[in-house]
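Structure assessment
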Amino acid sequence: MRVAKRTAVLIGAIVAAGTMVVSCSGEVSNSGGTDAKKLVLIPGVADEPFYISMQCGAQDEAAKLGYQLDTQAPTKFDAGSQTPVLTGVMANKPGGILIAPTHATAMANPIEQAKNAGIKIVEVDTALDDTSVALSSISSDNKKGGELAAATLAKLVGEKGPVLVINTKAGTSTTDARAQGFEAALRNYPGMTSLGVQYNNNEAAQAASIVTATLAAHPDLAGVFATNLSSAEGAATGLRNANKLGQVKLVGFDASPKQVEDLKAGTVQALIAQDPGGIGAKGVDQAVAALEGKPVTRNIQTDMVAITQADMDANAKYFYKRKC
């Protein structure tokens, strides 16, 4: 009996040691379970009105359904900043994570670790290339958003002249889809030519430099499509510095307070607005459905609208928030 007991203790110690080795390997263990009533939103970056509006929609929906939702955001829109935030969230074992991956491939392994830890994963706004990781993806139809931007800019420039696309970072699923939709739709306007897509690394100053260099090489530039906030702000600065505001038509994406002010002032001629609050709310719905064993919809796309100075008031419900 005593020998058997000592053997059992020894086996238990070996199993425990093995568990410790797995824990030290960097993988997150499933031990301890998850807090099924707790959800965490990890947006692409902190303090951006689009993601704040998403947070507001998610918080309201979570409260309505009897869940707690916290938000943990990286300070920069990149995988190196988002990964440690995700790791910290995983350690607290929430029932579900709503995340906007900052890179379509670089975030795949960290998010898969969260999935393997038993946490329900829902993508909001952006998505991984690997569709096997998340249970659901909620986003705007960004390709159609790019097509809408092309049609809007074509109307503004009289369907003629060279136009430029300024994108944020290559590998960002949403903005890449917008650029692709724009370039594809531009073929419907034979009088317009594309000067291609340039990247500003999500830095407004780089977007301004891109516009300056483009105007030097193409003084007949007719229009610019900026795929996100930093691209639009930088493009406006570049046009302002060249005294080309209003002459070169600028279509931006999203409707943050600053962009709405720019539209009102005529700095930007049109905005393609999303519904971030709706994306957040639908993300919560899908996470809760998964946690409660109900059917989950794999892909959900939300609508967008083109807003010009003439119809700003009618579309005010699409303007983004600075706080909930």
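Above this note sits the structure.
Described in the following lines is the structure provided in the data block.

Parameters at a glance
Residues numbered from 1 in each chain as written. Predicted model: local features only at pLDDT ≥ 70, side-chain atom pairs only at ≥ 80, totals over all residues. Heavy atoms only, no water. Helix = DSSP H or I, 4+ residues; strand = E, 2+ residues; numbered from the N terminus. Buried < 20%, exposed > 50% of the residue type's maximum accessible area, 1.4 Å probe, protein only. Contact = heavy atoms within 4.5 Å. Areas by Shrake-Rupley, 256 points an atom, 1.4 Å probe, with all protein chains shown as cover. Phe/Tyr/Trp six-rings, centres within 6.5 Å; stacked < 30°, edge-to-face > 60°. Expected span 1.5 Å × (residues − 1). Disulfide = S-S within 2.5 Å. Axes fitted to C-alpha atoms, helices over the stretch in contact; angles between N-to-C directions. Parallel < 35°, antiparallel > 145°, perpendicular 65-115°, else oblique. Left-handed = near helix turned anticlockwise from the far one by under 90°. Nonpolar A, V, L, I, M, F, W, Y, C, P; charged D, E, K, R; others polar. Pairing = 2+ DSSP bridges.

**Overview of the overall build of the protein chain**
Each helix and strand in the protein chain was counted, giving 10 helices and 12 strands. For the protein chain, buried positions account for 50% of its 324 residues. Sequence separation of 24 or more characterises 75% of the internal contacts of the protein chain that already satisfy a separation of 6 or more. In the structure as shown, the protein chain presents an accessible area of about 14600 Å², 53% of it carried by carbon and sulfur atoms.

**Some thoughts on the packing of aromatic side chains**
By the definition in use, this model includes 4 aromatic pairs. Where Phe50 meets Tyr51, the ring centres are 5.2 Å apart and the plane angle is 85°; that geometry is what we call edge-to-face. A residue is classified by how much of its surface remains accessible, and Phe50, at 4% relative accessible area, is buried. Classification of Tyr51 by relative accessible area gives buried; the value is 5%. The interplanar angle of 55° and the centroid separation of 6.2 Å between the aromatic rings of Phe225 and Phe253 together place this pair among those described as tilted. With Phe225 in strand β8 (residues 223-226) and Phe253 in strand β9 (residues 249-253), this pair connects stretches of sequence that are 28 residues apart. This pair shows no difference in class: Phe225 is buried, exactly as Phe253 is.

**Remarks on helix α5 (residues 142-156)**
Given a rise of 1.5 Å per residue, 15 residues ought to cover 21 Å, and the 21 Å separating the end C-alpha atoms of α5 matches this to within 8%. Among all positions of α5, only Asn142, Gly145, Gly146, Ala149, Ala150, Thr152, Leu153 and Ala154 are buried. Remark: Gly158 follows α5 within two positions and exhibits a positive phi of approximately 70°.

**Examining the state of the cysteines**
Enumeration according to the criterion identifies 1 disulfide in this entry. Paired through a disulfide, Cys56 and Cys324 show a sulfur-sulfur distance of 2.0 Å. Negative torsions about the S-S bond denote left-handed disulfides, and the value of about -105° found for Cys56 with Cys324 makes this one left-handed. On the criterion of sequence distance, the pair formed by Cys56 in helix α2 (residues 49-65) and Cys324 in the segment after β12 (305-308) is long-range, its members being 268 residues apart. Accessibility expressed as a relative area gives 4% for Cys56, which makes it buried.

**Looking at the packing of helix α7 (residues 204-217) against helix α8 (residues 229-241)**
It is at 7 Å that the axes of α7 and α8 come closest, and there the two elements cross at 45°. Looking at the two axes, α7 sits oblique to α8. In terms of crossing hand, the pair formed by α7 and α8 is right-handed. Contacts between α7 and α8 pair Ala204, Ala207, Ala208, Val211, Thr212 and Leu215 from the former with Ser230, Ser231, Glu233, Gly234, Ala235, Thr237, Gly238 and Leu239 from the latter. Tallied by class, residues from the contact of α7 with α8 come to 7 nonpolar, 6 polar and 1 charged.

**Description of the sheet that holds strand β4 (residues 120-124)**
Spatially, β2-β1-β3-β4-β5-β11 is the arrangement adopted by the 6 strands of the open sheet, whose pairing is parallel. Each edge of the open sheet is held by one strand with a lone partner, namely β2 (68-71) and β11 (299-302). This sheet shows a mean twist of 20° between the axes of neighbouring strands, independent of strand direction. Here strand β5 (residues 136-140) runs beside β11; their pairing, made up of 4 bridges, is parallel. Paired with Ser139 across the strands is Gln301, a residue of β11.

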